[in-house]
Each structure stands twice: as structure tokens, then as C-alpha cells.
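Listed below, chain by chain, are the residues.
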Amino acid sequence: MKILNIYNQVLSCIFFALLGLQVKLLLDDLNAETIVFFRSFFGFLIMLIFIFSQKKIKLFKTQNLKIHLVRSIFGTLAMYFGYSSLQYISLSEATSIGYTKVLFSSLMAIIFLKERINFHSLFLIFFGFLGVFLITLPTQETNLLGIYMSIFSAICVAGGIISISYLAKIENTLTVILYHSFISSCIFLFFFRDQINLDLKINLFYLLLLTFTALAGQYFNSESYKYSKTNKIAILGYTRIIFATFFGFIFLGENIKFPAILGIIIIAMTTYFIKAKA
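Computed from a prediction, not measured in an experiment: that's the story for all the values here.

Student: An account of the overall build of the protein chain is requested, with residue identities and associated values reported.
Tutor: Each helix and strand in the protein chain was counted, giving 12 helices and 0 strands. Secondary structure of the protein chain in N-to-C order comes out as α-α-α-α-α-α-α-α-α-α-α-α. In the protein chain, buried positions account for 54% of the 278 residues. Across the protein chain, every contact between residues at least 6 apart in sequence was considered, and the portion connecting residues at least 24 apart equals 92%. On the protein chain, roughly 13,600 Å² of surface is accessible, and the fraction owed to carbon and sulfur atoms is 69%.

Student: I'd like a rundown of helix α2 (residues 32-53), residues and numbers included.
Tutor: Over its 22 residues, α2 extends 32 Å from the first C-alpha to the last, a length consistent with the 32 Å expected when each residue adds 1.5 Å. After α2 finishes, the residue Lys 55 shows a positive phi value of roughly 55°.

Student: How would you sum up the environment of Leu 11? Please name residues and give values.
Tutor: Among the structural elements, Leu 11 can be located in helix α1 (residues 3-26). For Leu 11, a relative accessible area of 33% gives the class partly exposed. C-alpha of Leu 11 to C-alpha of Tyr 219: the two residues are 208 residues apart in sequence and 9.7 Å apart in space.

Student: Residue-level account of a nonpolar patch on the surface, with values.
Tutor: Taken together, the side chains of Phe 246, Phe 249, Ile 250, Phe 251, Ile 256, Ile 261, Ile 265, Met 269 and Phe 273 make up a nonpolar region of the molecular surface, amounting to roughly 840 Å² of accessible area. Mapped onto the nonpolar patch, the elements with two or more residues apiece are α11 (239-251) and α12 (258-277). Topologically, Phe 249 is positioned in helix α11.

Rules of the game
Residues numbered from 1 in each chain as written. Predicted model: local features only at pLDDT ≥ 70, side-chain atom pairs only at ≥ 80, totals over all residues. Heavy atoms only, no water. Helix = DSSP H or I, 4+ residues; strand = E, 2+ residues; numbered from the N terminus. Buried < 20%, exposed > 50% of the residue type's maximum accessible area, 1.4 Å probe, protein only. Contact = heavy atoms within 4.5 Å. Areas by Shrake-Rupley, 256 points an atom, 1.4 Å probe, with all protein chains shown as cover. Expected span 1.5 Å × (residues − 1). Patch = residues over 30% accessible without salt bridge, like charges linked within 9 Å, V, L, I, M, F, W, Y side chains within 5 Å. Salt bridge = Lys/Arg side-chain N within 4 Å of Asp/Glu carboxyl O.

As C-alpha cells, this is what we get:
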């Protein structure tokens, strides 16, 4: 695994953890439908401005429209259920539960991408998942609906990871982001047009900021899968839990209990050994 891919994935995790914080704060004023739509629509507009200003018209060209469509469906469902779960559970909980995606993506990589998984990687997957389990130990405040939403979102994210790992090797990263933003906007506008709030006088700036954060996360995430196996990059994604837990503690006042701290240590050890192995 190239060192650059490791840094790309860690940067992606920082931006996605920050994105979760922004969504959590915006949910006080807007519904999840509005946030997902404008996050995708603004992303598409930003990509259009960049493409035409830089005269990179070739980024529109693709021979993999079906794969882009599949990736966008997974991405749209993952965003909707992931963002919605933040209405019911904490940022650290939602992010941690979402990392069941590592198991799902590893299994999908074996089935669909024919990737081989050695004992070392398999051990790290389950060792890292133990850290996730410790962070998400149920408490009296646990909301099952939020947990179920996070798990379904994780399954969809896993499908997106498989799609990205395929597209990243044959498409420009910006092309992947462009089509995802456009198709996701169309899907959400078609199904949720009555729920989308178009009055954005107060929250327009924050939605734009959220979009830039999401695009940065997408970019570094796609770049990280270019030259490495899906299984190993997915494991590095555990660092997102550390960043989300930190943001939740600092900005949202979410408490971190001892099992969660132990879980974070386990996750940190997992990512350290992955990097050392590289």
C-alpha cells in the first residue's frame, strides 16, 4: 500500500467526521431531506464551475454510466439514512456504528472484486470491529431507530466503496464526484421534492460549507482507493471514529466513557499496524 494512499484516507476521515458535525448542527434547523439534496446539488454546481473554468470538458466523458448510477444509489441511501440517524443518536455513536461497513465492504470485495484476504487483514478487521463494539455498548439513552439507520447506511456505504474502488482505477476522481453529485441530486429531487425546504436565507452559507467539506472527503476517499486493495484502505477508515468522537466531545458536549476510550485505543492500534505493514 502506498503511503500517499494512507494519508489520503486519513484526510478523508477528518473531513467526513467534520461533515457529521456540520450535519448534526444543521439538523436543528433543517430536515435530512433538505440537507442531502443541497449537499448533492451544490456539489454538482461547484463541479460544473470548476470544469468550465478549467476547460476540463473531458471530465464529462464516461463509458461507465451504469456503475456511476449504482454508486450514486448507494451513496444517496447512505447519506439519507446516515444523516437521519444523527437525529436520534450521538455523532460518535453514529460514526462508530457506521464502521460495520468495514465488514460489509471486505465481504463484498471478496465476492465481487475477487480480492484475497490474508489472516493478518482478517485479524485487523475483527480487532478493529471490537473497538467499534466497545464504543457502541448500549446505554439507557440508546435509540434503536438511530442504530438501525446507521447499520443500513453502513451497508450502503460498503456498496459505494466497492463501486468507488472499481471506478477509481478507470476514471478520473473528479468524474466520479461529478456524476455522483448530479445523479444523487436527481434521485433526491424526484423522491423528496415535497420535503425539501427551499427557504435557505439563514442556512445557505452553512450548506455551502458542508458541501465543500463533503467534496473534500469524497476526493481524498476516491484517491485513496486508486492503487491499494479495498480491504486495507477500508480498515484505515477507522480513524474517522477517533475524529468524530473528538469533535462530538469538543463541540457537542458528548461524553466519552471508559469503554469508548478503550475502543478508540484499539482502533488507533489497528490503523498503526496497517500503516506499519505498508
